[in-house]
Every structure is written in C-alpha cells, then in structure tokens.
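Structure assessment
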Amino acid sequence: MGLLRNSICAMALSLFAASAGNAATLLEPTLHLKPQGAEGGGRVALTLDACGGKTDTRILSALVDNRIPATIFVTGIWLKRNAEAVEIMRAHPDLFELENHGGRHIPAVDTPRKIYGIRSAGSPGAVQAEVESGAAALAGAGGQAPKWFRGATAEYSPSAIAMIRKLGFKIAGFSVNGDGGSLLGAKETARRIGAAKDGDVIIAHINQPTHAAGEGVVQGLLALKQKGMTFVRLDDAEGIGNDGTTD
Ligand SMILES: [Zn+2]
C-alpha cells in the first residue's frame, strides 16, 4: 500500500516537473540604464541584432555619418558573411561595441520547444555551445572579448539565464522594441524609437536591408538625436536588468 502511494506521488511529481518546463516559464528580460535625471537631455542605448543574413547599410551609414554609438549583437553566421560591415565597425571603435548573439542563432532555452517558429537549443549543453561558439566567433574576428549575450528571440528559460551568467556574460534585455523583429513598417518603427526616454535600451535589427523597418530605424534615431538625446553603448553605462540577468 505504502509502495503504491509512493509511486503515485513520484508520478505526480514528475508530471509537475514536466509542466514546469513548458511555455509558461520563458522569460523576456528587460534592461534599463540608470536614469540621468534632470542633468542632461537624457541618454539611451541603441542595441542592434545581426542575427544572420546581410547588413542594412542604410542604418550602418547613418550611424557612422551621425556619430551615433551602438552595441551590435552578432552571430557567428552573420560574422562569416559580412566581413565588409565588420571592417567598417572595427574601423570605428568609438562607435561600435560588438557583443555575442550566439554561434548559430538558436534560442537559449534548455528544453525542446519552438519560439517564433525557431527551434530552441533544447538542452543545457546546447545552450552552452550556442553561447561559447558565439564568443569564439567574435574572438576569431579580432577585437575585444564580448561581455554581453543576447540569445536568439531574446527569450530564455530561467535555468539558461543562470548558466549564461555562470559562463561570465551579462544578458542584454531591452525596454523599447523598436522594430518588432524588423517586421514593422517604417512609420511605426520611427515612432517607437523616436519616443524612447532617458534610460531606455532600444532593440532593432541591422541585418534586414530589404525591410521597410530599417528606414524607420534611421528616422527614429535622427529624431532622438535632434531632441538632444545622448547615445551610449552597453559597456559605457550601468545597465540594470531583471530576472537575474545583470546582478
Ligand atoms: Zn536575432
């Protein structure tokens, strides 16, 4: 009798454990800069993901021409195919900070599932491989070792967050979704980015040169600049994330 009850308990526990690992527990952490307050016109951090594909030269040229600093999250895949853009970024170390967006653009979720149609890493070992191969790709391309990681889709399982922190990286959330995964129109993208406030961390994409969103990214950034907003890279400011991503 006792044995039966124990095995029913064990079964209930394993069912609970299985459901605890599902959809409900994915996190999309936020990141803010410490606000400046009344001192200046405010400051924001622009972060741009280079997931794969090509380079949006509309954005890259606008950043160089207007001297707007940015933190670029690059994957190993993107680094391999965009040597020319990497060279331009490396030639402006005062503007561009390159950080880790993973080796193969695989979501840092250690249980098997799909996020926005992309298959997750699916195991702790695969999350670690994604993080470490992204860092290795950056090291291979020269420049400083990355200190920040942002996983594909910017969603994580809590245990993956803990592992990435143990590997020595801070995790880059955001507070303004500038381009909706580069799928928004130019007007809406410009509106969202142009509305950023002191302390915001903006996310957008620099790898979709054919999308209308890229035009909106440029317009939004120029509007912020005109308002007197200062742009900083993640390494230049104190970023405060939730869900244990920076502390
Ligand atoms: Zn991405």
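I will try to describe carefully the structure that is included in this document. Just so we're clear, the structure is a prediction, and the values are computed from it rather than from any experiment. Sequence order sets the numbering: in each chain, residues are counted from 1 along the sequence as written. Where local features are concerned, this predicted model is filtered to residues with pLDDT of at least 70; where side-chain atom pairs are given and counted, the filter is 80 or more; whole-chain, interface and lining totals use all residues. Only heavy atoms go into the side-chain values, all of them from the structure, while hydrogens and water stay out.

Ideal geometry at a metal centre: 109.5 degrees between donors when four sit tetrahedrally, and 90 or 180 degrees when six sit octahedrally. Any nitrogen, oxygen or sulfur atom within 2.8 Å of a metal ion counts as a donor, with the limit raised to 3.2 Å for Na, K and Ca, and since water is left out, coordination shells can look unfinished. At this site the zinc ion is bound by Cys51 (SG), His101 (NE2) and His105 (NE2), with donor distances of 2.1 to 2.2 Å. Read N to C, the donor residues that coordinate the zinc ion are spaced as C-x49-H-x3-H. Note that cysteine 51 is positioned in the loop between strand E2 (43-50) and helix H2 (57-65) and histidine 101 in the loop between strand E4 (96-100) and strand E5 (114-115), a separation of 50 residues in sequence. Just as cysteine 51 is buried, histidine 101 falls in that class too. Strands here are runs of E lasting at least two residues and helices are runs of H or I lasting at least four, both read from the DSSP assignment and numbered beginning at the N terminus. Note on classification: 1.4 Å probe, protein chains only; a residue is buried when its accessible area is under 20% of the maximum for its type, exposed when over 50%, partly exposed between these limits.

A separate point is the packing of aromatic side chains. Only centres within 6.5 Å qualify two rings of Phe, Tyr or Trp (six-membered ring in Trp) as a pair; their planes then separate them into stacked at under 30 degrees, edge-to-face at over 60, and tilted for everything else. The full count for this structure, using the stated rule, is zero aromatic pairs. In this structure, arginine 150 is placed above the aromatic ring of phenylalanine 73, and the distance from its NZ or CZ to the ring centre is 4.6 Å. By the criterion adopted, a ring carries a charge over it if an Arg CZ or a Lys NZ lies within 6 Å of its centre and within 35 degrees of its normal.

As a further point, take helix H5 (residues 124-140). Take the residue count of a helix, subtract one, and multiply by 1.5 Å to get its expected span. Its 17 residues give H5 an end-to-end C-alpha distance of 24 Å, which sits within 8% of 24 Å, the value for a rise of 1.5 Å per residue. Residues of H5 that are buried include every one of Val127, Glu130, Val131, Gly134, Ala135 and Leu138, and no others. All buried residues of H5 lie within an arc of 120° about the axis, which places them on one face of the element. Those residues of H5 that are exposed and aimed more than 90 degrees away from the buried face are Ala139 and Gly140. On the buried face of H5, the contacting elements are strand E3 (70-74), helix H3 (76-81), helix H4 (83-90), E4, strand E7 (148-149) and helix H6 (158-166). Downstream of H5 by a residue or two, glycine 142 has a phi angle that is positive, lying close to 80°. Throughout, the arc means the angular range of directions from the helix axis out to the C-beta atoms. Residue contacts are defined here by distance: any two heavy atoms, one from each residue, within 4.5 Å place the two residues in contact.

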